[in-house]
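Each chain, written out:
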Amino acid sequence: MADPLVTVAELLAPAFAAVGGSGAEPVVRPSDRADAQANGALAIAKRLGQNPREVAETVLAAARPALLGVCSSVDIAGPGFLNLTFTNEFLAGQLTVAAADEHLGVRPARRVEHVVIDYSHPNVAKEMHVGHLRTTVIGDSLVRMLEFLGHRVTKENHIGDWGTPFGMLIEHMLDLGETTAASELSVGDLAGFYQGARAKFDADDVFKDRARQRVVELQRGDPETLRLWRILVAESTRYFNEVYHKLGVLLTDDDLAPESMYNPMLPVVVERLREAGLVQESDGAQVVFPPGYTNRDGEPLPLIVQNSVGGYNYATTDLACVVDRVERLNVDRMVYVVGAPQAQHLAMVFAVAEMAGWLAPPREAVHVAFGNVLGADRKMLKSRSGESLKLGELLDEAVERAGAAIAEKNPDLSGPERAAVARAIGIGAVKYADLSTDRIKDYVFDWDRMLAFDGNTAPYLQYAHARLCSIFRRAGIDRRGIAAGGSPFVVCEVQERNLALRLLAFDTAVWDTVDRYSPHRLCTYLFDLAQDFTAFYEYCPVLKADDDATRQSRLALCGITVRVLEKGLDLLGIIAPERM
Ligand code: ARG
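The text that follows walks through the structure, step by step, so that each part is easy to find. (Residues numbered from 1 in each chain as written. Predicted model: local features only at pLDDT ≥ 70, side-chain atom pairs only at ≥ 80, totals over all residues. Heavy atoms only, no water.)

Considering the overall build of the chain
Along its length, the chain carries 22 helices and 13 strands. Counting only C-alpha atoms and orienting by the principal axes, one finds that the chain spans roughly 85 × 65 × 40 Å. Residues counted as buried form 54% of the 580 residues belonging to the chain. Within the chain, contacts between residues separated by at least 24 positions form 74% of all contacts whose residues are at least 6 apart in sequence. Summed over its atoms, the accessible surface of the chain is roughly 25500 Å², and 51% of this surface lies on carbon and sulfur atoms. Mean positive and mean negative side-chain charge positions of the chain (60 and 78 charges, respectively) differ by 2 Å. (Helix = DSSP H or I, 4+ residues; strand = E, 2+ residues; numbered from the N terminus. Buried < 20%, exposed > 50% of the residue type's maximum accessible area, 1.4 Å probe, protein only. Contact = heavy atoms within 4.5 Å. Areas by Shrake-Rupley, 256 points an atom, 1.4 Å probe, with all protein chains shown as cover. Lys, Arg positive; Asp, Glu negative; His and termini not counted. Charge placed at Lys NZ, Arg CZ, Asp CG, Glu CD.)

Digging into the environment of Gly93
If you trace the backbone, Gly93 turns up in helix H4 (residues 88-100). Here the alpha-carbon distance between Gly93 and Ala182, two residues 89 residues apart in the chain, equals 62 Å.

Some points on helix H10 (residues 223-247)
Here H10 contains 25 residues, and its C-alpha end-to-end distance of 36 Å stays within 8% of the 36 Å for a straight helix at 1.5 Å per residue. Looking at the residues trailing H10, positive phi occurs at Gly248, about 70°. (Expected span 1.5 Å × (residues − 1).)

What to know about the pairing of strand S6 (residues 152-156)
Put simply, side chains in a regular strand alternate between the two faces of the sheet. Burial runs high along S6: four of the five residues are buried. Where strand S5 (residues 114-118) and S6 come together, five bridges link them in parallel fashion. By the bridge assignment, Val115 is partnered in S6 with Val153. Handedness of the crossover is the feature at issue here: the chain leaves S5, passes through helix H5 (residues 130-148), returns alongside S6, and the resulting connection is right-handed. (Pairing = 2+ DSSP bridges. Right-handed = clockwise from strand over helix to strand, strands pointing away.)

Details of the packing of helix H1 (residues 4-20) against helix H2 (residues 41-48)
At a minimum axis separation of 10 Å, H1 and H2 run at an interaxial angle of 10°. Of the possible angle classes, the one that applies to H1 and H2 is roughly parallel. Here Phe16, Val19 and Gly20 of H1 come into contact with H2, specifically with Ala41, Ile44, Arg47 and Leu48. Taken together, the residues of the contact of H1 with H2 break down into five nonpolar, one polar and one charged. (Axes fitted to C-alpha atoms, helices over the stretch in contact; angles between N-to-C directions. Parallel < 35°, antiparallel > 145°, perpendicular 65-115°, else oblique. Nonpolar A, V, L, I, M, F, W, Y, C, P; charged D, E, K, R; others polar.)

A word on the site of the ligand
Close to the ligand lie Asp118, His121, Asn123, His132, His158, Tyr314, Asp318, Tyr336, Val338 and Gln342, which account for all nearby residues. In this structure, a nitrogen atom belonging to the ligand sits 2.9 Å away from a side-chain N or O atom of Asp118. Within the side chain of Asn123, a nitrogen or oxygen atom sits 3.0 Å from a nitrogen atom of the ligand. (Near = heavy atom within 4 Å. Polar contact = N/O pair within 3.5 Å; in protein donor to acceptor, adjacent residues only side chain to side chain.)

Describing the pairing of S5
Among the five residues that make up S5, five are buried, leaving the element largely enclosed by the rest of the structure. Here S5 shows two buried faces, one formed by His114, Val116 and Asp118 and the other by Val115 and Ile117. Across four bridges, S5 lies against strand S10 (residues 333-337) in parallel orientation. Following the sheet pairing, Asp118 is matched in S10 by Tyr336.

So, the packing of aromatic side chains
Following the criterion strictly, the structure yields 10 aromatic pairs and no others. Where Tyr460 meets Phe527, the ring centres are 5.6 Å apart and the plane angle is 70°; that geometry is what we call edge-to-face. Of the two residues, Tyr460 is situated in helix H17 (residues 458-475) and Phe527 in helix H21 (residues 519-539); the sequence distance between them amounts to 67 residues. Directly above the ring of Tyr463 sits Lys409, whose terminal nitrogen or CZ lies 5.2 Å from the centroid. (Phe/Tyr/Trp six-rings, centres within 6.5 Å; stacked < 30°, edge-to-face > 60°. Lys NZ or Arg CZ within 6 Å of the ring centre and 35° of its normal.)

Comments concerning the sheet that holds strand S11 (residues 364-368)
Across the sheet, which stays open at both edges, the four strands sit in the order S6-S5-S10-S11 with parallel pairing between neighbours. In the strand order of this sheet, the two ends are held by S6 and S11, each with one partner. With direction set aside, neighbouring strand axes in the sheet form an average angle of 20°. Of the strands in this sheet, S10 and S11 are in contact with helix H13 (residues 343-355), which crosses S11 at around 180°.

Examining the sheet that holds strand S1 (residues 27-30)
Across the sheet, four strands lie side by side as S1-S2-S4-S3; this open sheet has antiparallel pairing. Strands at the two margins of the open sheet, each flanked by one partner only, are S1 and strand S3 (71-77). Averaged over all pairs of adjacent strands, the angle between their axes in this sheet comes to 25°, without regard to strand direction. Taken together, the six bridges between S3 and strand S4 (residues 81-86) define a ladder with antiparallel strand orientation. Across the sheet, residue Asp75 finds its bridge partner in S4, namely Asn83. Here helix H3 (residues 52-67) sits on the sheet and contacts S3 and S4; the angle it forms with S3, its principal contact strand, is near 170°.

Concerning the pattern of salt bridges
Taken as a whole and judged by the stated rule, the model has 34 salt bridges. When the shortest N-O distance is used, the salt bridge between Glu156 and Arg325 registers 2.8 Å. One end of the pair, Glu156, is in strand S6; the other, Arg325, is in helix H12 (residues 314-328), and 169 residues separate them in sequence. As far as the burial class goes, Glu156 and Arg325 line up, both buried. A salt bridge links Arg238 to Glu235, with the shortest nitrogen-to-oxygen separation between them at 3.1 Å. Of this pair, Arg238 and Glu235 both sit in helix H10, three residues apart, roughly one helical turn. Several salt bridges converge on common partners, so that one network encompasses Glu171, Asp175, Lys200, Arg210 and Arg214. (Salt bridge = Lys/Arg side-chain N within 4 Å of Asp/Glu carboxyl O.)

Some words on unusual backbone geometry
With an omega of 5°, the peptide bond between Pro361 and Pro362 qualifies as cis. Topologically, Pro362 is positioned in the loop between H13 and S11. Residues other than glycine seldom take positive phi values, yet Ala125 does so here, at roughly 60°. Mapped onto the fold, Ala125 is located in the loop between S5 and H5. Exposure remark for Ala125: the relative accessible area of 0% places this residue in the buried category. Phi at Asp283 is positive, roughly 50°, even though this residue is not glycine. Here Asp283 lies in the loop between strand S7 (280-282) and strand S8 (285-288).

As structure tokens, this is what we get:
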């Protein structure tokens, strides 16, 4: 494997097992003292009641032959740590392996899984808010990464298109007239539409009655009501697609798995829960009590699957989702990219699904939770006039601001190229600002910071990429050609070694990111890579290198760096322009 840390762990494993017995294995990490540090001797020593340094020496003696040519030195430090320094030849060889690999050294998944990712899921006839930006951007990046590792991914956009608000929304549409209503929705004035309906519902009892009657008609499947409902859904979807297009995410109409789709299954779900003996009556409602969930007073918390008047709710739909994903799609893993406030809801849904036997290991359900987007005042992000923010307008503003920044930085770019670059940078900046903070934390939306050309931002990474492209342009060499070619790497300067080690760690960076569903880890890696490249480029002349072999090797280093940057940004859903 290309990552030297992974390779050396494999080379050390037999020696650790020989000394410590089965189960004893090295943990290899990057280190400041050397290229890497292998831990594990301490654990063996504790178990065998021996001196850790002596154990480390025995392990090292057993591993020596395997490390020949791989490590130039191995020191024992502290309580039996092995500090490893790789030979330059070994690093050069690993680079050759990574450069020849379409996946740049990233290991494919050992067991290919079918993964469903539930993300974006805005609500029909309601404005998409920044929370939807988060789930859409994080979910999309996870789709790309899981696919890159070789998994089969099904995207599901579980839009909210069903439930009691549709009574008032349909009646409001009738009041406005179908065409007026449709055009209001399709241009994305969803907030205005929804609030208009809500205001009448709250103020006007006659309207309220109409709305209630309409819900009954909708649930009964009245054809005229369904026709009106479909207009609401179609116009909203058209608006969502426009936002997706601006964002450059993978979602299409084929990925829609709306709440209404599960409607016919809801009575079946409750029936099956009943047959399994799980349903109880509580305050007139049909509920399931998953063990371990209590309210503030310590009383057991129910998951309501049918209310007292026979209606089904959000939890019932989510249980139907689980059944559908398991029994129809036969997925191995379900990933829910949903805001942190729904943690308990989802945990209870998963618990009930386990009780019913629908969800059992190795099949798993994961809640990928995220925090809020805040304004400068550290409150929920609002528009300047204080209204809820329209996602489409926010994205337009990003592109506009990026356009202004480029006009200043590179006046030579013009016409369609400038427009494309502005789009890549503006949208990239918004996505990267979101992805580069630990998803579970809140973050402050800050135009100046996300669009800055230095610091941990998309423009900084895109700029590093464009600089690399320009090296090849100036040399008159096709960077894609050199990338796959067998240019022999020479790794000797410290900046070359650091860049090499970083490039070879791409594998670990992607795996760590996917294992924790945490795109910010990949962001941190790419930022470190761009910095290592900058240090290399400052110290090591490429086109003006002293001799041809060095020039070839450095060009090849640039070639693999540009590929890792481009692929890394692509995994985040960010475009890397050739020039900017
Ligand atoms: N539409 C919901 C919302 O905007 C999110 C749906 C999440 N997905 C799920 N299967 N519950 O809050």
